[in-house]
Amino acid sequence: MTDGVLLRESLVQPDLDKYSCIIMDEAHERALNTDVLMGLIKKILTRRRDLKLIVTSATMNSERFSRFFGGAPEFIIPGRTFPVDIHFSRTPCEDYVDAAVKQVLAIHVSQGPGDILVFMTGQEDIEVTCELINERLEMLKDPPKLLTLPIYSQMPAEQQAKIFQQAPPGVRKVIVATNIAETSLTVDGIMYVVDSGFSKLKVYNPKMGMDTLQITPISQANAAQRSGRAGRTGPGKAYRLYTEQAFKNELYLQTIPEIQRTSLSNTVLLLKSLGVKDLLDFDFMDPPPQDTITTSLFELWSLGALDNLGDLTPLGRRMTPFPMDPPLAKLLITASEEYGCSEEILTIVSMLSVPSVFYRPKERQEEADAAREKFFVPESDHLTLLHVYTQWKAHGYSDAWCTKHFLQPKSLRRAKEIREQLQDIMTMQKMPLVSCGTDWDVIRKCICSGFYHQAARVKGLGEFINLRTSVTMQLHPTSALYGLGYVPEYVVYHELILTSKEYMSVVTAVDPHVSYPFPP
């Protein structure tokens with residue numbers, strides 16, 4: 001099971017009595033749930049002498065884990081990988097995309113058979129790298145054949161699957177991937193790895209309440225994991241586009257744990273429901289910044305999940321069973337009890353829980369934008385998502401219909417799964433499922449009740465200012481409200497993302513003259 005599922009189980013059985021042995025794999029990734037589980041299991045181990053915990057990982061600072069569990073024994077099992085030659089760059093490289101392209105062509109022209117895996121940061125870099133490789137290959141005189149294959153999360157599934165297909169005889173494959181290929185994917189036949197030394201990390205800024213995706217240098221553990229990819233099927237070579245000096249002095253030993261760079265509202269709610277009174281006293285392996293904890297406590301208090309003393313309120317207890325952000329859980333509860341639109345809100349919440357459903361391929365951007373506009377509900381992105389889902393349902397959940405309208409069938413299917421799971425939770429919680437029919441204004445009121453702490457009013461041309469933090473932000477060009485012709489006076493938004501500017505993602509216009517039943 002995933003770490004999240006085990007965490008949820010600890011709500012029902014505080015001592016995890018069903019299990020006598022737990023194995024936690026990939027511990028070096030230090031995911032948020034894993035870190036919380038470590039703290040919980042450490043407490044359980046003091047109460048249960050019969051429970052065994054085995055923590056495993058390929059590249060791990062095992063001594064640190066051993067100390068955390070009070071000097072637990074360590075076992076080192078030698079790996080069965082082939083030897084990998086590591087080549088560092090002699091000088092620091094200015095442009096990692098350009099350096100990677102040169103390195104790929106050098107390997108292709110001078111080295112023996114074997115596929116190449118290139119690590120890049122994100123979709124944009126990957127597309128540019130693939131284009132440059134193909135362009136420069138054409139400049140060479142009669143070069144050997146090379147097949148470039150990108151892979152990133154926003155790609156349609158059938159295109160992602162191409163990287164596993166066998167290349168025609170005499171053709172070398174070069175796969176350009178994000179850090180998904182570090183642990184999650186293994187492609188046979190990789191002999192050469194080109195490591196740019198960077199990846200995108202999600203970093204949370206508690207003062208602004210905003211997640212940013214930042215390009216950051218990888219850690220030494222990541223670098224070892226990437227190089228190891230070349231030695232899966234035979235001896236390989238890893239080319240690192242940074243100097244040995246930089247590797248030793250500038251890279252962290254381990255990646256910064258997720259718990260220190262993410263919003264903790266959901267985790268705080270979970271720990272409160274497990275009876276943890278003082279969060280600063282909880283035994284984290286790496287404690288999160290105090291700012292993040294206080295921001296999360298404030299958010300939960302403003303939603304009405306915590307009282308003035310920081311204890312769970314009845315509403316907070318009812319929000320706990322939902323494995324999602326507290327504002328979304330509150331939306332579902334208010335939709336079924338106050339507004340009578342839980343069917344629609346259930347769909348919107350499921351759609352917000354998956355990556356973007358709109359697909360915008362580089363070569364057909366105008367067509368994709370025109371298809372997307374057909375789904376727009378002028379005053380709300382949330383309602384646009386609802387519209388997309390209802391249309392998909394009306395067309396029999398068809399994949400062909402999705403492809404025709406530039407939608408990601410994989411994301412929509414995932415949203416349908418999430419919707420079914422949430423529906424089960426609502427049934428167990430005896431929450432009525434009701435539809436408001438065509439009165440979509442009720443839905444906007446309901447969205448407002450869950451996201452009023454993320455409200456903004458217009459400041460200037462297309463600029464908004466957050467009512468609580470006074471942070472200025474913009475409407476994203478892909479928003480349904482962007483081409484309205486007029487700017488709504490007040491909006492609520494799902495989240496803030498920083499790319500070139502601070503953009504609000506998934507926005508709904510609010511009519512300030514309608515009375516909203518705000519919480520007391």
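Just so you know, these numbers come straight off a predicted model, no measurement behind them. Along every chain, residues carry numbers that run from 1 in the direction the sequence is written. Reporting in this predicted model follows two pLDDT cut-offs: at least 70 for local features of residues, and 80 or more for side-chain atom pairs to be given and counted; totals over whole chains, interfaces and linings ignore these cut-offs and use all residues. Note: side-chain values were computed over all heavy atoms of the structure, leaving out hydrogens and water.

Asks: Would you take a moment to explain the environment of L147 for this structure?
Replies: For helices the rule is a DSSP run of H or I covering at least 4 residues; for strands it is a run of E covering at least 2, with both sets numbered from the N terminus onward. Relative to the elements of secondary structure, L147 occurs in strand β5 (residues 146-151). By relative accessible area, which is 32% here, L147 ends up partly exposed. Here the alpha-carbon distance between L147 and H453, two residues 306 residues apart in the chain, equals 49 Å. Pairs of residues are marked as contacts when any of their non-hydrogen atoms sit within 4.5 Å. Residues contacting L147, with those up to four places away along its chain left out, are V171, R172, K173 and V174. Relative accessibility thresholds used throughout: buried, under 20% of the residue-type maximum; exposed, over 50%; partly exposed, between the two (1.4 Å probe, protein chains only).

Asks: Is there a simple way to explain the packing of aromatic side chains in this structure?
Replies: A ring pair, where both rings are aromatic, is described by two values, the distance of the centres and the angle of the planes. Stacked, tilted and edge-to-face are the three classes assigned to paired rings of Phe, Tyr and Trp, where Trp is represented by its six-membered ring and a pair needs centres within 6.5 Å; plane angles under 30 degrees give stacked, over 60 edge-to-face, the rest tilted. Throughout the structure, instances matching the rule amount to nine aromatic pairs. Centre to centre, the rings of F68 and F69 are 5.0 Å apart; their planes meet at 80 degrees, and the pair counts as edge-to-face. The exposure classification of F68 matches that of F69, with both residues buried. Here the aromatic rings of Y389 and W392 are separated by 5.7 Å at their centres, their planes lie at 70 degrees, and the arrangement is edge-to-face. Residue Y389 and its partner W392 are located together in helix α16 (residues 381-394), separated by three residues, close to a single helical turn. Three or more aromatic residues joined by ring pairs make a cluster, and in this case those are F88, Y242 and F247. Both a distance and an angle decide whether a charge sits over a ring: NZ of Lys or CZ of Arg must be within 6 Å of the ring centre and within 35 degrees of the ring normal. Over the ring of F68 we find K42, and its NZ or CZ is 4.3 Å from the ring centre.

Asks: Would you mind going over the sheet that holds β5 with me for this structure?
Replies: Strand order in the open sheet made by the six strands is β3-β10-β7-β4-β6-β5, with parallel pairing throughout. Edge strands, defined here as strands with exactly one partner in the open sheet, are β3 (84-88) and β5. Across the sheet, the axes of successive neighbouring strands diverge by a mean angle of 20 degrees, strand direction being ignored. A pair of strands counts as paired when DSSP detects no fewer than two bridges linking them. In the sheet, strand β4 (residues 115-119) pairs with strand β7 (residues 190-195) via five bridges, with the strands oriented parallel. Residue pairing across strands places F119 opposite D195, the latter belonging to β7. Helix axes use the C-alpha atoms of the stretch in contact, all axes being lines fitted to C-alpha atoms, and the angles between their N-to-C directions lie in the range 0 to 180 degrees. Here helix α5 (residues 123-139) sits on the sheet and contacts β5 and β6 (172-177); the angle it forms with β5, its principal contact strand, is near 170 degrees.

Asks: Would you take a moment to explain the nonpolar core for this structure?
Replies: Across soluble globular proteins, nonpolar side chains show a tendency to be buried alongside one another. Joining through side-chain atoms within 4.5 Å is the link that ties buried Ala, Val, Leu, Ile, Met, Phe, Trp, Tyr and Cys residues into a set, and such a set is a nonpolar core. Among the nonpolar cores identified, the biggest contains 84 residues, and F322, L332, C341, I345, L412, L422 and I443 are the most heavily contacted of them. Setting aside chain neighbours within four positions, we find I345 in contact with L331, L332, A335, I443, C446 and I447.

Asks: Help me understand the environment of V128, please; the structure alone is not making it clear to me.
Replies: Along the polypeptide, V128 turns up in helix α5. Overall, V128 belongs to the partly exposed group, its relative accessible area being 33%. Distance in space between the C-alpha atoms of V128 and K173 is 17 Å, their sequence separation being 45 residues.

Asks: Whenever I open this one, the pairing of strand β13 (residues 472-475) confuses me. Can you help?
Replies: Here is the key point about a regular strand: its side chains alternate between the two faces of the sheet. Examined bridge by bridge, strand β12 (residues 463-466) and β13 share three bridges and lie antiparallel to one another. Residue pairing for β13: E463 is matched across the bridge by Q474. The loop that links β12 with its antiparallel partner β13 comprises five residues; one of these, S470, has a positive phi angle of about 60 degrees. Here two bridges tie β13 to strand β15 (residues 502-510), and the two strands are oriented parallel to one another. Directly across from L475, in β15, lies its bridge partner M504.

Asks: Is there a simple way to explain the pattern of salt bridges in this structure?
Replies: A carboxyl oxygen of Asp or Glu within 4 Å of a side-chain nitrogen of Lys or Arg is what we treat as a salt bridge. Enumeration according to the criterion identifies 20 salt bridges in this entry. Residue R48 is joined to D50 by a salt bridge in which the shortest nitrogen-to-oxygen separation is 3.2 Å. The shortest N-O distance in the salt bridge between R67 and E63 comes to 3.3 Å. Residue R67 and its partner E63 are located together in helix α3 (residues 62-68), separated by four residues, close to a single helical turn. The exposure class assigned to R67 is exposed, which follows from its relative accessible area of 54%. One salt-bridge network, held together by shared partners, links R30, D35, R64 and D286.

Asks: Explain the packing of helix α13 (residues 326-339) against helix α14 (residues 342-352) here, please?
Replies: Think of two packed helices as two axes; the pair is described by the angle between the axes and how far apart they sit. Packing of α13 against α14 leaves a shortest axis separation of 8 Å and a crossing angle of 170 degrees. When the axes of α13 and α14 are compared, the pair comes out roughly antiparallel. Within the contact between the two elements, α13 uses L328, L331, L332, A335 and S336 and α14 uses S342, I345, L346, V349 and L352. Roughly parallel means an angle under 35 degrees; roughly antiparallel means over 145; roughly perpendicular covers 65 to 115; every other angle is labelled oblique.

Asks: I keep staring at helix α10 (residues 265-273) and nothing clicks. Help me out?
Replies: Residues separated by three or four positions in an α-helix point in the same direction, a consequence of the helix having 3.6 residues per turn. For α10, the buried fraction is high: eight of the nine residues fall into the buried class. Among the residues making up α10, those that are buried are S265, T267, V268, L269, L270, L271, K272 and S273. Residues of α10 that are buried in the fold lie against α1 (3-12), α2 (32-47), α11 (290-303), α12 (314-319) and α13. Just downstream of α10 lies G275, where phi reads positive at about 90 degrees.

Asks: I would appreciate a short explanation of the packing of α14 against α16 in the present structure.
Replies: Packing of α14 against α16 leaves a shortest axis separation of 9 Å and a crossing angle of 100 degrees. In terms of axis orientation, α14 runs roughly perpendicular to α16. On the side of α14, the interface is formed by E344, T347, I348, M351 and L352, while α16 contributes H382, L383, L385, L386, V388 and Y389. Only Asp, Glu, Lys and Arg are considered charged, only Ala, Val, Leu, Ile, Met, Phe, Trp, Tyr, Cys and Pro nonpolar, and every remaining residue, Gly among them, polar. Looking at the contact of α14 with α16 residue by residue, the class counts come to eight nonpolar, two polar and one charged.

Asks: Sorry, what's going on with the pairing of strand β11 (residues 455-458) here?
Replies: When β11 meets strand β14 (residues 490-498), the two strands line up antiparallel, connected through three bridges. Its bridge partner being in β14, R457 is matched across the sheet by Y490. Pairing geometry for β11 and β12, over three bridges, is antiparallel. Note on β12: the bridge partner recorded for R457 is I465. Hairpin remark: β11 followed by β12, antiparallel, with four residues in the connecting loop; positive phi at G462, about 70 degrees.

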